[in-house]
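What follows is each chain in one-letter form.
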Amino acid sequence: MTLTWAGFLLGCGFGVAARLGGFCLLRGLRQLLAGDAGAPALRAFALALAVAIVTTQGLVWAGEIDVSQAVLLRSGFPAGGMLVGGILFGLGMSMARSCGARALVLLAGGNLRALVVLAGLGLAAQASLTGVLVPVRQLLQGLGAVQFGGASLPAWLGGLGLPADQAALVGAGAPVLALLAFALRGGLLRRAPREAAMAVVIGLLVTLGWWLTTHVEVDAFDPAPPSSLSFIGPVAEGLLYLQVAVGRAFSFGPAVVLGTLAGAALMALATRSFVLEGFERPGQLLRHLAGGLLMGFGGVLAVGCSIGQGLSGLSTLALASFPACLGIIIGACAGLATDYSFVKGEQK
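Below or above, wherever it landed, is the structure these notes cover. All values reported here derive from a predicted model rather than from experimental measurement.

Points about the environment of Gly 308
Relative to the helices and strands, Gly 308 resides in helix H15 (residues 308-315). Residues Gly 308 and Leu 229 lie 79 residues apart in sequence; the distance between their C-alpha atoms is 5.8 Å. Excluding residues within four positions of it along the chain, Gly 308 makes contact with Leu 72, Leu 229, Ser 230 and Gly 313.

Below, the structure is given as structure tokens:
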């Protein structure tokens, strides 16, 4: 099996699980801010992250995968720039009513608003990577550069003097225990068993992504950095491939995007939930487009999205993922708190 096909199947699994479980960080934050103390979607996200950390770190400890060359694992990074990028992404997520991954799942179910979000996201991301927004991105990427004694939380703790085994145990164990305590405290397993089950599946898929990019079709002379589920760069790359496919290879990231669409569409058809939906007012179109543009630029600046950083990045315990994820939560909560339709209980 090629890595491209493996990415497609990985995406299919994610699309199925995300559609069945309604998996979405924004949905969870919305529940929490709306006064739903249970917030099952947010607890499901925490459960998925706990599973991803346990399984990823377990395979690292067993020597089955090596994530040390992953893009996010670096001891020096622009914490300020990544925080700003996360805030912009979170604001865009609240405006667009979805993140990139959720937009793919919604589009697969007939939501044409998500198509506008993805078009804006892909356009802004590509413009930030290779286009007219590169100078702006480079300027913001210089904000708040920091240097740590290690690239991951366990490595940093080890640099502070903890023995390697204790640093690994504390660095991975403390976050997992906190996440599990939050995830299971609200009666998630009893209140939303399907969401909990799909969260576990998604956590395992994150680790599977690391394993696939470590073991499948690896070029021993020019190995690519390992990666897992992520949707900002891959959506942009996939849209670019549609326009200039000649001479370009269809790679792992866009294959995951295509697989997510396929898996979610299959579930939408199987559950008879496929319904074509559009915009009711021009203002909604502008809002969703602006949200997609903000997510594209912010996601590139933060080096990931609510999945790429919030699950895949944090599963490696990369220190660079923490400011990005903090920014995403701040931006999303600020956007939801100031959203008139959300405050009035009209959020869709």
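Past the structure itself, the notes keep going.
What about the packing of helix H1 (residues 3-21) against helix H11 (residues 193-215)?
Their axes nearest at 9 Å, the elements H1 and H11 cross at an angle of 165 degrees. As the angle between them shows, H1 and H11 are arranged roughly antiparallel. Where H1 crosses over H11, the handedness of that crossing is left-handed. Contact residues: Leu 3, Ala 6, Leu 10, Gly 13, Phe 14, Ala 17, Ala 18, Leu 20 and Gly 21 in H1; Arg 194, Glu 195, Met 198, Val 201, Ile 202, Leu 205, Leu 208, Gly 209, Leu 212 and Thr 213 in H11. In the contact of H1 with H11, the residues fall into 13 nonpolar, four polar and two charged.

Digging into the packing of aromatic side chains
Throughout the structure, instances matching the rule amount to six aromatic pairs. Taking the centre distance of 5.7 Å and the plane angle of 85 degrees together, the rings of Trp 5 and Phe 8 count as edge-to-face. Within this pair, Trp 5 and its partner Phe 8 are both found in helix H1, separated by three residues, close to a single helical turn. Centre to centre, the rings of Tyr 241 and Phe 250 are 5.0 Å apart; their planes meet at 55 degrees, and the pair counts as tilted. Overall, the relative accessible area of 24% leaves Tyr 241 in the partly exposed class. Aromatic rings pair up to connect Phe 77, Phe 148 and Trp 156 into one cluster. When the ring centre of Phe 182 is taken as reference, the NZ or CZ atom of Arg 43 above it lies at 4.4 Å.

Digging into the environment of Phe 14
Position of Phe 14 relative to the elements: it lies in helix H1. In contact with Phe 14, other than residues within four places in its own chain, are Ala 101, Ile 202, Leu 205, Leu 229, Phe 231, Thr 260 and Ile 307.

The rules behind each value
- Residues numbered from 1 in each chain as written.
- Predicted model: local features only at pLDDT ≥ 70, side-chain atom pairs only at ≥ 80, totals over all residues.
- Heavy atoms only, no water.
- Helix = DSSP H or I, 4+ residues; strand = E, 2+ residues; numbered from the N terminus.
- Contact = heavy atoms within 4.5 Å.
- Axes fitted to C-alpha atoms, helices over the stretch in contact; angles between N-to-C directions.
- Parallel < 35°, antiparallel > 145°, perpendicular 65-115°, else oblique.
- Left-handed = near helix turned anticlockwise from the far one by under 90°.
- Nonpolar A, V, L, I, M, F, W, Y, C, P; charged D, E, K, R; others polar.
- Phe/Tyr/Trp six-rings, centres within 6.5 Å; stacked < 30°, edge-to-face > 60°.
- Buried < 20%, exposed > 50% of the residue type's maximum accessible area, 1.4 Å probe, protein only.
- Lys NZ or Arg CZ within 6 Å of the ring centre and 35° of its normal.

Function-wise, these values are silent; they only describe arrangement.
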